[in-house]
Amino acid sequence: MGTHGHARVQVHLPNRDMFVAWLLAPVAWLVHLGASYLIVTLRCVDAWNESAVAITLIAVTLLLAAISLYVGLHSWRRMRALGIPADPGIALSKDFGMDGLSMAIGVITGGLFLLLIVMNGVTPFFVPTCATGMG
Amino acid sequence: MVGVQTLEAETPEERSRAFDDLWNQPTGRWKFFQQVNNIPIAQRYMGTAFAMFLVGGVLALLIRAQLIVPENKLVGAEAFNQLFTMHGTTMMFLFVIPFLEAIGTYFLPLLLGTRDLPFPRLTAFAYWTYAFGVVYIYSSFLFGVAPDGGWFAYPPLTLKEYSPGLNIDFWDIGLSVAEIAALGAAAEIIVAVLRMRVPGMGLSRLPIFAWSMLVFAVMIIFAFTPLIVGTAFLELDRKGVTFFFDPEHGGKPLLWQHIFWVFGHPEVYIMFIPAAGIATHIVQTFSRRSIVSYPLIVLSILAIAFLSFGLWVHHMFSTGLPTTALGFFAAASLVIAIPNGVQFFSWLATIWTGKPVWSTPMLFTIGFLIIFLLGGLTGVMVGVVPFDWQVHDSYFVVAHFHYVLIGGVLFPLFAGMYYWLPKMTGRMLSERLGKIQFWLMFVFFNVAFFPMHITGLHGMPRRVYTYEADLGWNGLNLISSIGAFGFALGVVLGLVNFFWSLRYGKQAGPNPWNGDSLEWSHSSPPPNAQFKYIPEVRGRHPMWDQDSLEPTDPRFAKLVEPLQSAPTTWRGALVVSVREGAPTGIVHVAGPTAWPFLEAVAFLILFAGLLIERMLLIIPGVILAIVALIGWFWPKSSEANALAEIDMEGSEDRLPLFVYGRRSNGWWGTCVFVAIWSTAFFTSVASYFYLGEGPSGYWPPSVPNLIFGLLATAAALASIPTVHMFARTVPNGSPSMRRTGLALTALLHIILLGFAVLSLTTSDVRMETAYGSSVAFLIGFQCVTAAILLAMLAGSFAWTWFKPADPRGWGFACNTSLVGYYAAANWLITFVVISITPLLW
């Protein structure tokens with residue numbers, strides 16, 4: 001809590017912000033992974049149109065990437081509103097209490113899982129969507 | 001005020017002695033079986049788990065002795081199968097996880113500043129169940145039927161047709177026993193870390209080891225539970241009851257691989273995360289500075305935990321899955337290197353910017369960094385699908401995971417032993433022997449395992465008991481075997497050091513390493529009566545930053561004052577708010593008893609009966625289990641003392657006693673149980689859909705009887721208001737209304753069960769198909785859920801009948817209501833899954 005001369009955080013953020021910061025981005029990724037895997041395995045065996053599979057995957061990717069992006073931006077805004085400096089050297093090393101820790105984590109999870117969702121999502125552009133592994 | 005009458009009559013010395021005596025119980029002849037305190041139980045846990053490490057190590061040496069030269073005849077193929085199966089099983093299930101839980105059991109209360117774990121009887125039960133699980137699995141050697149299907153037990157090899165002996169049954173059932181122990185310990189850890197901390201220790205000041213144990217425990221719940229379901233499927237298949245994995249009946253062997261690796265991959269990180277937590281403490285202490293970027297370390301732990309649940313398919317790259325799906329899991333496999341890298345750089349930066357002291361714990365930590373880095377790099381390599389196809393099931397993979405597991409887990413564990421053993425024994429280990437041990441282990445580890453990369457690239461497959469002389473593998477195998485024996489020498493030296501230190505080691509004193517966390521505030525070894533005086537923390541490093549641990553915040557000081565060296569007639573502990581660590585209440589902590597031991601004995605008898613299919617054992621096992629459970633939860637006089645001394649309301653300057661509802665530990669424990677149970681249910685539902693999917697799927701020619709299903713659903717829906725009826729009578733409602741609600745709920749769930757069973761038996765669903773198996777399993781799951789609920793309803797009813805105004809009964813009713821809501825939801829989902837979705841497909 002605001003040691004080392006930095007702003008003391010007095011007001012506790014609501015649980016909703018905590019949920020967004022800690023869980024929403026990883027959950028978005030898990031949903032993306034599960035949905036993508038299901039779409040590919042279920043639809044490919046039913047001989048669904050391959051480009052339709054790719055389009056669905058991209059749509060799912062965009063939606064969940066947006067959620068992850070929201071987590072990062074929302075946590076960033078909250079973090080700044082708490083008076084925590086934008087300097088990562090300070091934001092990530094000093095003790096700004098549970099709210100500060102949570103928002104810092106929200107910013108980074110938003111970015112990390114956004115990267116992962118995008119990495120998963122671009123897969124259909126590089127490999128034949130419904131080909132089977134090992135020939 | 002706590003024990004006002006008692007306290008006024010006592011001097012502070014008398015009170016202090018009474019407090020110590022209370023926490024030092026039991027003292028009688030049977031104390032070994034009645035002990036529940038975290039420290040003695042953790043010591044047994046560690047002793048047993050370390051013994052299993054030595055046994056697993058001996059098995060590894062036998063494997064390496066067999067492979068030292070080509071065409072060796074030391075052991076035959078069958079014995080070799082048993083050796084590698086039991087080596088893997090022992091190290092993964094019987095050593096690392098229990099050992100980590102033991103460390104958590106011992107050190108979490110010390111790190112968190114609390115007096116014990118929230119459910120000490122569960123601590124004892126977890127230990128005894130684990131110990132009996134060990135006896136169970138290893139007794140297979142006595143009968144000459146040691147498990148031989150690999151630690152992964154893939155069907156169809158492990159189905160009855162190809163493994164007709166009891167070998168796999170020993171593995172299957174014995175493992176379930178050990179997993180139950182792990183789940184019990186996990187529940188303890190979660191509730192302890194979230195609620196039982198020192199004032200001022202908000203989550204943002206939690207020691208990193210506590211963070212890692214919290215995440216470890218949550219991961220155990222979501223990873224071990226699917227494995228228990230999987231082993232139940234496998235055992236039922238082996239008994240000929242179901243056909244989940246039998247392709248001739250519509251089953252899919254690949255279902256096992258999915259279930260196993262949904263457990264198996266997080267398992268790697270379940271082991272790694274606490275080990276890394278230990279490493280963080282050591283880096284911090286021996287670099288003489290706080291860890292660089294606490295938030296990033298916490299983030300890394302969480303990110304690794306999440307990502308680890310999305311990687312399981314990278315163990316199945318060669319099973320013919322669609323390439324796009326492989327791409328998803330390859331991406332996750334590569335990205336997990338990011339949070340690992342963040343932790344890695346944080347450790348390096350801490351050392352770089354600190355003033356490192358190169359003591360033995362630090363050396364083992366550096367060894368960990370180097371070896372784990374190499375294991376991580378080969379992990380990235382096998383995360384690349386085409387490369388994995390080339391090296392799959394070769395010695396390259398053996399090298400990779402030993403670098404990860406020995407580097408990432410064993411080295412930090414040895415570091416932790418050198419770091420924390422002085423706290424446990426009160427004696428310092430020899431630095432000189434420790435450093436020799438480190439260098440022996442570090443050098444010979446690389447001698448043993450580095451050549452295996454090359455052996456694998458040269459094409460040597462895993463799990464072969466011998467090889468021909470002209471394949472070019474001779475020299476590499478010889479070097480690996482020499483390395484293994486050298487490594488074992490290092491472990492033996494560590495043992496010598498341990499026993500030497502007990503007799504000749506220097507006195508450690510409370511804080512021999514100048515550590516920063518609260519365990520170092522206690523004497524070495526710490527007493528059973530920990531934190532007689534409740535401290536307060538005001539930062540992340542109380543031993544570095546604070547001159548005194550005494551509460552200075554007047555709010556905290558006033559609230560915890562009644563707990564200083566008290567209570568003396570019952571075990572009491574402080575509860576704090578989850579986020580900020582502000583004192584919120586007091587809980588009763590259960591005292592010594594032999595019931596958890598007897599419950600574990602009951603499990604042993606029951607599971608032995610299931611192994612050999614003898615009702616002569618199963619029935620006494622069930623009866624003893626029920627009796628022991630009743631004894632376990634029988635009203636305790638110490639609880640009555642607590643209720644007599646502290647009121648449940650509290651006030652601005654007085655903490656309340658938490659007995660029932662959301663504020664009690666029992667409610668939190670029940671929530672964890674519901675999480676475990678719903679994970680098991682989710683696994684069963686996912687298996688149902690998986691079996692139905694694809695060209696070889698069985699999508700049902702017939703479904704359970706819809707009319708009976710609807711009637712069961714009506715009963716489930718009707719039970720929701722009746723659960724609500726008895727739940728809302730707590731605390732001040734009418735006891736007769738509570739009884740009515742309880743009775744109606746029981747009646748409705750019995751009706752529900754009847755209709756659910758009828759919906760299956762009156763339909764055309766054929767039991768000898770995988771489809772029939774999965775439907776029957778889901779209905780059977782509902783039956784077990786209902787049985788648990790009925791037992792809880794009976795307990796609540798007894799409380800309401802005999803002691804309607806007793807708050808302990810209210811607590812029982814609140815916890816029962818959670819299970820009641822869950823049981824109804826369980827059926828509603830089951831009905832939709834087995835009766836509605838086939839119509840929509």
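No experiment lies behind these values; they were computed from the predicted model shown. (Residues numbered from 1 in each chain as written. Chains lettered and ligands numbered in written order. Predicted model: local features only at pLDDT ≥ 70, side-chain atom pairs only at ≥ 80, totals over all residues.)

Moving on, we come to the overall build of chain B. When you go through chain B residue by residue, the secondary structure sums to 27 helices and two strands. Computed over C-alpha atoms, the radius of gyration of chain B comes to 27 Å, within 12% of the 28 Å expected from 2.2 N^0.38 for 841 residues, which places it in the range of a compact globule. Oriented by its inertia axes, the alpha-carbon framework of chain B measures out at about 85 × 75 × 50 Å. Relative to its 841 residues, chain B shows a buried fraction of 57%. Residue pairs in contact within chain B that sit at least 24 positions apart in sequence constitute 81% of those at least 6 positions apart. (Helix = DSSP H or I, 4+ residues; strand = E, 2+ residues; numbered from the N terminus. Rg over C-alpha atoms; globule rule 2.2 N^0.38 Å. Buried ≥ 20, exposed ≤ 12 C-beta atoms within 10 Å, placed from the backbone. Contact = placed C-beta atoms within 7 Å.)

Counting secondary structure elements, chain A contains five helices and zero strands. Along chain A, helices and strands appear, N-terminal first, in the series α-α-α-α-α. In chain A, which comprises 135 residues, the proportion classed as buried is 44%. For chain A, the proportion of contacts with a sequence separation of at least 24, taken over those separated by at least 6, is 82%.

Attention now goes to the domain arrangement of chain B. All names here are of chain B. Taken domain by domain, chain B comprises domain 1 (35-504) and domain 2 (663-840). Here domain 1 and domain 2 have C-alpha centroids that lie 36 Å from each other. Across the boundary between the two partners, domain 1 contributes 23 residues, which contact 22 residues of domain 2. Mapped onto the side of domain 1 that touches domain 2, the elements with two or more residues apiece are α7 (167-195), α8 (208-238) and α9 (253-287). Here the element with the most residues in the side of domain 1 that touches domain 2 is α8; it accounts for six residues. The residue makeup of the side of domain 1 that touches domain 2, split by class, is 15 nonpolar, six polar and two charged. (Domains from an automatic or database assignment. Nonpolar A, V, L, I, M, F, W, Y, C, P; charged D, E, K, R; others polar.)

Residues and elements named next belong to chain B. Of all five residues in strand β1 (residues 572-576), five are buried; the element is thus mostly enclosed. Here β1 shows two buried faces, one formed by Gly572, Leu574 and Val576 and the other by Ala573 and Val575. As defined by bridge partners, β1 adjoins strand β2 (residues 583-588) across five bridges and the pair is classed as antiparallel. Across the sheet, residue Gly572 finds its bridge partner in β2, namely His588. With antiparallel pairing between neighbouring strands as the criterion, β1 and β2 make up a hairpin whose turn holds six residues, including Gly581 at a positive phi of roughly 70 degrees. (Pairing = 2+ DSSP bridges.)

What follows is about helix α11 (residues 323-335) of chain B. The periodicity of an α-helix, 3.6 residues per turn, causes residues three or four places apart in sequence to face the same way. All names here are of chain B. Here α11 contains 13 residues, and its C-alpha end-to-end distance of 18 Å stays within 8% of the 18 Å for a straight helix at 1.5 Å per residue. For α11, the tally of buried residues reaches 12 of 13 residues, placing the bulk of the element in the interior. Every buried residue of α11 is listed here: Thr323, Thr324, Ala325, Leu326, Gly327, Phe328, Phe329, Ala330, Ala331, Ala332, Ser333 and Val335. (Expected span 1.5 Å × (residues − 1).)

Contacts between the two partners involve 36 residues from chain A and, on the opposite side, 36 residues from chain B. Those elements that place two or more of their residues in the side of chain A that touches chain B are α1 (15-45), α4 (97-121) and α5 (123-126) of chain A. In terms of residues, the side of chain A that touches chain B owes the most to one element, α4(A), which gives 12 residues. Of the residues contributing to the side of chain A that touches chain B, the split by class is 24 nonpolar, 11 polar and one charged.

As a further point, take the confidence of the model for chain A. Residues and elements named next belong to chain A. For chain A, the average pLDDT comes to 82, and 86% of its residues sit at 70 or higher. Across chain A, helix α2 (residues 50-81) holds the top mean pLDDT of 91, while α5 sits lowest at 78. Confidence drops under a pLDDT of 50 for residues 1-9, and excluding neighbours within four residues, the segment shows 21 contacts in the predicted structure. (pLDDT = per-residue confidence, 0-100.)

Of all residues in chain B, 98% attain a pLDDT of 70 or more, and the chain-wide mean is 93. Residue range residues 1-7 of chain B is modelled with pLDDT below 50. Its contacts to residues more than four positions away, or to other chains, number 16 contacts.

Turning our eyes to something else, we now look at the packing of helix α26 (residues 770-802) of chain B against helix α27 (residues 807-840) of chain B. Residues and elements named next belong to chain B. One way to put it is that α26 packs onto α27 with a least axis distance of 9 Å and a crossing angle of 160 degrees. Considered as vectors, α26 and α27 are oriented roughly antiparallel to each other. Crossing hand, α26 versus α27: left-handed. For the contact of α26 with α27, a count of residues per class yields 15 nonpolar, 11 polar and one charged. (Axes fitted to C-alpha atoms, helices over the stretch in contact; angles between N-to-C directions. Parallel < 35°, antiparallel > 145°, perpendicular 65-115°, else oblique. Left-handed = near helix turned anticlockwise from the far one by under 90°.)

Residue and element names in this part refer to chain B. Where helix α16 (residues 431-457) meets helix α17 (residues 474-504), the closest approach of the two axes is 7 Å, and the angle between their N-to-C directions is 155 degrees. In terms of orientation, α16 lies roughly antiparallel with respect to α17. Here α16 and α17 pass one another in a crossing that is left-handed.

A few words now on unusual backbone geometry. When glycine is set aside, most residues are seen to have a negative phi, and most peptide bonds are trans. All names here are of chain B. Between Ser524 and the following residue, Pro525, the backbone shows a cis peptide bond with an omega angle of -5 degrees. The peptide bond linking Ala566 to Pro567 adopts the cis configuration, its omega dihedral lying at -5 degrees. Even without being glycine, Arg463 reaches a positive phi, approximately 65 degrees. Relative to the assigned elements, Arg463 resides in the loop between α16 and α17. Using a count of 13 C-beta atoms within 10 Å as the deciding quantity, one classes Arg463 as partly exposed.

Before going further, it helps to spend a moment on the environment of Ile221(B). Residues and elements named next belong to chain B. Tracing the backbone through its elements, the reader meets Ile221 in helix α8. Between the C-alpha atom of Ile221 and that of Ile707, which follows or precedes it by 486 residues, the distance is 36 Å. In contact with Ile221, not counting residues within four places along its chain, are Leu183, Ala186, Val672, Ala675, Ile676 and Thr679.

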